[in-house]
Amino acid sequence: QLVESGGGLVQAGGSLRLSCAASGRSFSGSVMGWFRQAPGKEREFVAGISWSGGTTHYADSVKGRFAASRDNAENTGYLQMNRLKPEDTAVYFCALRWGPITETHFRKYDYWGQGTQVTVSS
């Protein structure tokens, strides 16, 4: 089970930190991905982080503004979002898979959280 938290309403230029808490099974070796979905749009890849945390991968639209991290001892992943823009408004999801970190298609991920709303006002 994955549970996201930390979403909310923020003004453009502000920051939020999302958390993704995992429980119920071993997630050893997993890649954690972050995705978002805006109304009427397909779910899109935002960021990915390897099990060790040593490798990260970002969508061009968030590169330099967002940072993924994880604390495996706490079974928790994080997405630090800075310099937020109105176009970042969406429901954000965390997900897990086993395989290459470069995989960005949401159907390749096996476990999903319920999502948390992020709204950025202009």
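Relevant structure appears above.
Computed from a predicted structure; not experimentally measured.

Procedures and definitions
- Residues numbered from 1 in each chain as written.
- Predicted model: local features only at pLDDT ≥ 70, side-chain atom pairs only at ≥ 80, totals over all residues.
- Heavy atoms only, no water.
- Helix = DSSP H or I, 4+ residues; strand = E, 2+ residues; numbered from the N terminus.
- Rg over C-alpha atoms; globule rule 2.2 N^0.38 Å.
- Buried < 20%, exposed > 50% of the residue type's maximum accessible area, 1.4 Å probe, protein only.
- Contact = heavy atoms within 4.5 Å.
- Areas by Shrake-Rupley, 256 points an atom, 1.4 Å probe, with all protein chains shown as cover.
- Disulfide = S-S within 2.5 Å.
- 1 Å grid on protein atoms, 1.4 Å probe; cavity = no way out; pocket = protein on both sides within 12 Å on 5 of 7 lines; lining within 4 Å.
- Points joined across faces, edges and corners; volume = space filled by probe spheres on them.
- Nonpolar A, V, L, I, M, F, W, Y, C, P; charged D, E, K, R; others polar.

Asks: Just checking my understanding: could you explain the overall build of the protein for this structure?
Replies: What the protein contains, in helices and strands, is zero helices and eleven strands. Counted from the first residue to the last, the protein has its helices and strands arranged as β-β-β-β-β-β-β-β-β-β-β. A compact globule built from 122 residues would reach a C-alpha radius of gyration of about 14 Å, and the protein, at 13 Å, matches this within 12%. Dimensions along the principal axes, computed over C-alpha positions, put the protein at roughly 40 × 25 × 25 Å. For the protein, the proportion of its 122 residues judged to be buried stands at 43%. In the protein, once contacts between residues fewer than 6 apart in sequence are set aside, the share between residues at least 24 apart is 58%. When the accessible surface of the protein is summed, it comes to about 6100 Å², and 47% of that surface belongs to carbon and sulfur atoms.

Asks: Would you take a moment to explain the state of the cysteines for this structure?
Replies: Structurally, a disulfide amounts to a covalent bond that connects the sulfur atoms of two cysteines. Applying the stated rule across the entire model yields one disulfide. Through a disulfide, Cys-20 is tied to Cys-94; the S-S separation comes to 2.0 Å. Handedness of the Cys-20-Cys-94 disulfide follows from its S-S torsion of about 65°: it is right-handed. Placement of the pair is Cys-20 in strand β3 (residues 16-22) and Cys-94 in strand β9 (residues 90-97), with a sequence separation of 74 residues.

Asks: Is there a simple way to think about empty space enclosed by the protein in this case?
Replies: Over the atoms, a rolling probe the size of a water molecule traces out where space has been left empty. Under the criterion given, the structure shown has one cavity of 30 Å³ or more. Estimated volume of the largest cavity: approximately 60 Å³. Lining the largest cavity, in full, are Ala-22, Phe-27, Ser-30, Met-32, Trp-51, Arg-70, Asn-72, Asn-75, Thr-76, Gly-77 and Leu-96. Residues of the lining of the largest cavity, tallied by class, amount to five nonpolar, five polar and one charged.

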